[in-house]
Amino acid sequence: MLRITVLVSGGGTNLQHIMDRIDDGTVKNALITNVISNNAGAYALERARIHGEIETDVISPKSFPDRASFNKAFLEKLNDIDPDLIVLAGFLVVIPPEVIKRFRNKIINIHPSLIPSFCGKGYYGLKVHEAALARGVKVTGATVHFVDEGTDTGPIILQKAVGVEEGDTPEILQRRVMEEAEWIILPKAIDLIANGRVSVGNDRIVHKI
Ligand code: GRF
């Protein structure tokens with residue numbers, strides 16, 4: 001059984017879909033044991049509590065004197081849990097390098113565009129969709145990738161395209177990308193990993209077994 005820790009900062013709709021797909025058996029051999037947020041008010045934490053049988057924690061850089069002490073405490077927390085997989089589901093804190101090193105190819109992130117478009121530093125939340133609309137792309141989407149030391153540069157596991165429609169606002173496009181892509185490919189990537197169907201080659205290309 002793959003023991004998963006989900007890291008969240010906001011509403012937690014991606015977390016909800018992962019919990020639902022595990023509960024309805026679409027995602028097999030996986031279990032969310034922990035949900036951690038940097039934001040005590042995140043509704044994602046409430047979703048985990050409503051679900052039950054998931055430990056919730058809050059750990060924020062704001063409650064530490066400096067980044068180094070936060071990074072240390074964050075690594076210690078994750079070491080205590082010792083998850084098989086860490087899922088970033090709308091987590092707005094930069095993952096410390098020591099955490100990436102310790103959990104190499106065991107951290108995945110969902111990004112709301114087709115990487116390498118509209119990704120990297122500064123591209124998060126609505127800004128991604130604003131940039132896609134400003135560029136006039138007709139197709140956007142979402143990407144699930146492993147997390148490495150860069151911003152959105154890790155090996156790509158799954159992508160799904162979503163059409164841009166006339167009259168879209170960033171908010172409308174964000175919602176469509178979630179509904180048609182994020183909520184589908186994030187649970188699917190977890191299922192692939194939980195069932196030994198993903199391997200990362202030396203060329204950092206993800207192969208499906
Ligand atoms: C999603 O758009 C995700 O791609 C981005 O943050 C949002 C999280 O939404 N990184 P939610 O908290 O899962 O509802």
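Now for a look at the structure at hand. (Residues numbered from 1 in each chain as written. Predicted model: local features only at pLDDT ≥ 70, side-chain atom pairs only at ≥ 80, totals over all residues. Heavy atoms only, no water.)

Re the sheet that holds strand β6 (residues 139-146)
Note the cut-off: Should DSSP find at least two bridges between two strands, the strands are regarded as paired. The way it works is that DSSP assigns letters per residue, a run of H or I at least four long becomes a helix, a run of E at least two long becomes a strand, and they are numbered from the N terminus. Axis definition: a line fitted to C-alpha atoms, limited for helices to the stretch in contact. Angles are taken between N-to-C directions and run from 0 to 180 degrees. Any pair of residues with heavy atoms lying within 4.5 Å of one another is described as a contacting pair.
Spatially, 7 strands are ordered β3-β2-β1-β4-β5-β6-β7 in an open sheet, and the strand pairing comes out mixed. Two strands close off the open sheet at either side, each with one partner strand: β3 (55-58) and β7 (156-163). Adjacent strand axes in the sheet meet at a mean angle of 20°, parallel and antiparallel pairs treated alike. In this structure, β6 lies alongside β7, joined through 7 bridges in antiparallel fashion. The partner of Gly141 across the bridge, within β7, is Ala161. Contacting β1 (2-8), β2 (30-37), β4 (85-88), β5 (107-111), β6 and β7, helix α6 (residues 170-194) runs over the sheet at an angle of about 155° to β7.

Examining the packing of helix α1 (residues 13-23) against helix α2 (residues 43-51)
Keep this limit in mind: Convention used here: angles under 35 degrees read as roughly parallel, angles over 145 as roughly antiparallel, angles from 65 to 115 as roughly perpendicular, and any remaining angle as oblique. Throughout, a crossing is termed right-handed when the near helix is turned clockwise from the far one, and left-handed when it is turned anticlockwise from it by less than a right angle. Three classes are used: nonpolar for Ala, Val, Leu, Ile, Met, Phe, Trp, Tyr, Cys and Pro, charged for Asp, Glu, Lys and Arg, and polar for all others, with Gly counted as polar.
For the pair α1 and α2, interaxial distance at closest approach is 9 Å and the crossing angle is 20°. One element, α1, and the other, α2, form an angle in the roughly parallel class. Viewed along their axes, α1 and α2 form a crossing whose handedness is right-handed. Facing Thr13, Leu15, Gln16, Met19 and Asp23 of α1, the residues of α2 in contact are Ala44, Arg47, Ala48 and His51. Across the contact of α1 with α2, the residue classes tally to 4 nonpolar, 3 polar and 2 charged.

Some points on the packing of aromatic side chains
Test applied: Any two of the Phe, Tyr and Trp rings considered here, Trp counted by its six-membered ring, make a pair once their centres fall within 6.5 Å; the pair's planes then place it as stacked at under 30 degrees, edge-to-face at over 60, or tilted in between. In this scheme, a residue with accessible area under 20% of its type's maximum is buried, one over 50% is exposed, and one in between is partly exposed, where area comes from a 1.4 Å probe on protein chains only. Both a distance and an angle decide whether a charge sits over a ring: NZ of Lys or CZ of Arg must be within 6 Å of the ring centre and within 35 degrees of the ring normal.
Summed over the entire model, instances satisfying the criterion amount to 3 aromatic pairs. Summarising the aromatic geometry, the rings of Phe64 and Phe70 are spaced 5.8 Å apart at their centres and angled 70° between planes, so their arrangement reads as edge-to-face. Classification of Phe70 as buried rests on a relative accessible area of 0%. Ring geometry for Phe74 against Phe91: centres 6.1 Å apart, planes inclined by 20°, an arrangement best described as stacked. Of this pair, Phe74 sits in helix α3 (residues 67-81) while Phe91 sits in the loop between β4 and α4 (97-102); the two residues are 17 residues apart in sequence, bridging distant segments of the chain. For the pair formed by Phe74 and Phe91, the shared burial category is buried. Every member of this aromatic cluster is reached through a ring pair, and the members are Phe64, Phe70, Phe74 and Phe91. Residue placement shows Arg102 over the ring face of Phe103; its charged tip is 4.1 Å from the ring centre.

With respect to the site of the ligand
Rule in force here: Consider each residue's heavy atoms; a residue with any of them within 4 Å of a molecule or strand counts as near. Here a polar contact means two N or O atoms within 3.5 Å. Within protein one must be a hydrogen donor candidate and the other an acceptor candidate, and residues neighboring in sequence count only if both atoms are side-chain atoms. Working definition of accessibility: Shrake-Rupley area with a 1.4 Å probe, residue cover restricted to the visible protein chains.
Taken together, Gly10, Gly11, Gly12, Thr13, Asn14, Gly90, Ile110, Pro112, Met178 and Glu182 make up all the residues around the ligand. Note that an oxygen atom of the ligand is positioned 2.9 Å from one of the backbone N or O atoms of Asn14. The contact in question runs from an oxygen atom of the ligand to an N or O atom on the side chain of Glu182, over 2.8 Å. When isolated, the ligand has an accessible area of 370 Å², and the protein chains bury 85% of it.

So, the layout of surface pockets
Definition in use: A cavity, in this analysis, means grid points on a 1 Å lattice covering only the protein atoms where a 1.4 Å probe fits yet has no way out; a pocket is instead an open set bounded by protein on both sides within 12 Å along at least five of seven lines, and a residue lines either one if it has an atom within 4 Å of a point. Grid points are joined across faces, edges and corners, and a volume is the space filled by probe spheres set on the points.
Roughly 970 Å³ of volume is contained in the largest pocket. The wall of the largest pocket is formed by 38 residues, among which Phe91, Leu92, Asn109, Tyr124 and Asp152 lie closest to the centre. Listed by contribution, the elements that provide at least two residues to the lining of the largest pocket are α1, α4, β5 and α6.

Some thoughts on unusual backbone geometry
Cis geometry is adopted by the peptide bond preceding Pro116, which originates at Ile115 and carries an omega value of 15°. With respect to the helices and strands, Pro116 occurs in the loop between β5 and α5 (126-135). In this model, Glu53 sits at a positive phi of 60°, which is unusual for a non-glycine residue. Of note, Glu53 is situated in the loop between α2 and β3. Judged by relative accessible area, Glu53 falls into the exposed class, the value being 81%. In this model, Asp82 sits at a positive phi of 50°, which is unusual for a non-glycine residue. Checked against the element boundaries, Asp82 lands in the loop between α3 and β4. Residue Asp82 is classed as partly exposed on the basis of its relative accessible area of 40%.

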